[in-house]
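Results of the structural survey
Okay, here's what each chain looks like letter by letter:
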Amino acid sequence: MVRAETNSPPADLANKVYVVTGANSGIGFAAAENFASRGAALAIVCRSAERGTAALNAIRGKTNNTNINLFVADFTSLGSVVRVAQEINHSYDEIHVLCNNAGGANAGRTVTKDGFEKTFEANHLAGFLLTNLLMPKLLLAAAHDSARVVFTSSLGHKNSPLDFDDLNLEKDYSTLRAYGRSKLMNLLNAREIHKRYGDQGVIASSFHPGAVRTSIWKKGGILAAMLGIVMWPFMWSIKRGSDTFIWLASSNDEAALNANGNYFFDRRQVSIAPFATDEAAERLWRVSEELVQPFLESQSTAS
Ligand SMILES: NC(=O)c1ccc[n+]([C@@H]2O[C@H](COP(=O)([O-])OP(=O)(O)OC[C@H]3O[C@@H](n4cnc5c(N)ncnc54)[C@H](OP(=O)(O)O)[C@@H]3O)[C@@H](O)[C@H]2O)c1
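Scope of this entry: the structure provided in the associated data block.

Criteria and cut-off values
Residues numbered from 1 in each chain as written. Predicted model: local features only at pLDDT ≥ 70, side-chain atom pairs only at ≥ 80, totals over all residues. Heavy atoms only, no water. Phe/Tyr/Trp six-rings, centres within 6.5 Å; stacked < 30°, edge-to-face > 60°. Helix = DSSP H or I, 4+ residues; strand = E, 2+ residues; numbered from the N terminus. Buried < 20%, exposed > 50% of the residue type's maximum accessible area, 1.4 Å probe, protein only. Pairing = 2+ DSSP bridges.

For the coordinates displayed, the defined rule picks out seven aromatic pairs. Between the aromatic rings of W236 and F265, the centroid separation amounts to 5.4 Å while the plane-to-plane angle is 15°, which identifies the pairing as stacked. Linking W236 in the loop between α7 (222-231) and α8 (238-241) with F265 in strand β7 (residues 263-265), this pair joins segments that are 29 residues apart in sequence. Relative accessible area serves as the criterion here: at 17%, W236 is assigned to the buried category. Overall, F265 belongs to the partly exposed group, its relative accessible area being 23%.

Below is the structure:
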């Protein structure tokens, strides 16, 4: 069993457990490296064992922090998420910070083996399920210390409202619509977590990192790649793009400690889409719970 380091060098995140998804590249990697450099016990969740191992070794090498573990899960499989949540829960007594950062865009509409549209499952359902499965350990940390859940959302959340009759985008799929709605879901999840767990000490937030020079632009098909090429010179560096992320996940600034489920950009709370309502957040939570229920049941049958 791996515990939060008790003899780590003096650092402001010593003895804190940080879980970061999508930590092998981009802003997830930058944030994970920052937390490790400040003494956190780090759990990185990555899709590929190979890329995850490379990231783990790179972070260890740069920070000299050996208290880093890799957990492998593909977020297009909810069974994979359930398994990795069990592994993380077995590895740590408490979890102080969960960064739901993994995500991407998909050129065409694909249905996963779980039966969901890929972007919906990977960007929303997987993080939703992981958060719920790790919540008992987050609440333990919150009870005597603090706990935070940070979602990497996007300005793209303003693209279109949710269509609860077509969450799998069977009717009118577009890369932008699928991506935008999934990022809206991230924002709404943070709001709902604040509502449900804020009074128990869980600080939830979401943020837009800016348009950032990461590989995400190359993974979403030809249109995203072309947009990426045009915008590349104007995009933010990964360092700048991860700043608000790191701030929300670790700062003791009043504004970060009182994030209250809100949405941030450049360390400031900023406006959200008019359709990002409390009602939408509450409904999304209920619907998502129903959708992931079979995976929770299969877990309890198996164990
Ligand atoms: N870059 C921007 O301009 C921008 C703007 C707004 C929001 N964002 C958000 O920022 C977050 C991080 O993206 P990034 O820009 O840093 O790009 P990135 O370097 O591509 O990082 C995305 C991370 O998510 C992981 N991921 C994607 N699909 C996954 C799956 N099915 N299962 C498990 N992991 C998966 C990726 O793993 P692989 O390496 O295996 O693909 C990678 O580690 C995303 O949520 C994105 O939506 C980015």
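This part is about the sheet that holds strand β8 (residues 268-269). The strand order across the open sheet built from eight strands is β3-β2-β1-β4-β5-β6-β7-β8, with neighbouring strands paired in mixed fashion. Each having just a single partner strand, β3 (68-72) and β8 make up the two edges of the open sheet. Sheet topology places strand β2 (residues 41-46) next to β3; five bridges connect them, and they run parallel. Among the inter-strand pairings, I44 is bridged to a residue of β3, identified as L70.

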